Amino acid sequence: MMHRGRCLLLCWMIALLVLLSGSAWAQTCSGNITNINFGNIDVTANTAFNATGTYSISCLAILSGVRTCPNINAGTGGGSGTGDPRYMTNGTNQLRFNLYSDPGHVTVWGSRLWAHTAPATDITLVILGEGSASRTIYAQIPAGQQTLPPGTYTSSFAGGQTAVTYAGYLLSLPLLAPSCSTLANPSLTMPFTVSVTIDPHCGVTATTLDFGATGVLNSAVNGSNTLFVTCSATTPYSISLNGGLAGATDPTQRRMSKGLEAVTYGLYRDSMRTLPWGDIIGSNTVAGVGTGLVQSYTVYGRVPPQATPSPGTYSDTVVVTVTY
């Protein structure tokens, strides 16, 4: 009986030693990171744009958890030394963006080889076989980049730009897991691309042209208003003014109406009121090139001397069209 008792104790000790000697570690891992595409955006809107990708990994293990560390470097677009921002590029143009581990876009997703820290992504206890885990990568393009020209901007994370390291840890006890700041081997790469297309865009707003109050129209009455045009950088455009509700083909013969009565007026491109402003592109419109920021244009109006209709308020609606 004494001999059998010693044998039982010895067998348990051997089993425990085998467990602690390495069979709990992860054997092999594989996975991928999806491409992140912001789609088509209008940077003149001066707002942030968000997109997401997914990090997925599967590992073979025995009686262990697996710590995985998806290290993501600056990307081929480059990045600042502090890790914020990263860049997507189109030629020499740089578009700021970054990758985050949280939906609030606060914690930058980094790398032990570059800046910030890779977020530890653990596979919980695997008894025998394969376990998997996934994590969302949150991407954001910040506001304040209106002056970038249209085009497709990219940054590639291939080769050494990603280094996913991993290691098993006994019985899925997190205190035994290695830190992502030190875990170096083994590692695998998961290439992916971040991209966005900046579309050309124009927008326009206008103030009201108010000629004020007058009595008899025996002399010219002048007034002006302002157009505010915002077009993508390097985008050429033309500003047209239509003939108003009366559909005037002569820009100097538009009509403000009150019932069946009307007052003739004209709109001009210059303060001397010698260059009519109409809707024939290349003839009587105004041309410009976008900067991504607001550009203002003055519309000069004139009511010429004419027979005065009955008192009241006369008005017209003119449509502003920006062609680009």
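Residues numbered from 1 in each chain as written. Predicted model: local features only at pLDDT ≥ 70, side-chain atom pairs only at ≥ 80, totals over all residues. Heavy atoms only, no water.

(A) Layout of the pairing of strand E16 (residues 286-289). Every second residue of E16 is oriented toward a common face, the buried set being Val286 and Gly288 and the non-buried set Ala287 and Val289. When strand E13 (residues 236-241) meets E16, the two strands line up antiparallel, connected through 4 bridges. By the bridge assignment, Ile239 is partnered in E16 with Val286. (Buried < 20%, exposed > 50% of the residue type's maximum accessible area, 1.4 Å probe, protein only. Helix = DSSP H or I, 4+ residues; strand = E, 2+ residues; numbered from the N terminus. Pairing = 2+ DSSP bridges.)

(B) Just unusual backbone geometry, in detail. With omega at 15°, the peptide bond leading from Asp84 into Pro85 counts as cis. The step from Asn185 to Pro186 runs through a cis peptide bond, and the omega angle for that step is -10°. When you line up the elements, Pro186 lands in the loop between strand E8 (162-170) and strand E9 (187-188). Positive phi is not limited to glycine here, since His116 has a value of about 60°. Along the chain, His116 turns up in the loop between strand E5 (93-100) and strand E6 (121-141).

(C) Quick peek at the side chain of Thr264. Secondary-structure assignment places Thr264 in strand E15 (residues 261-268). Contact partners of Thr264, with chain neighbours within four places excluded, come to Thr252, Gln253, Arg254, Val303, Pro304 and Gln306. (Contact = heavy atoms within 4.5 Å.)

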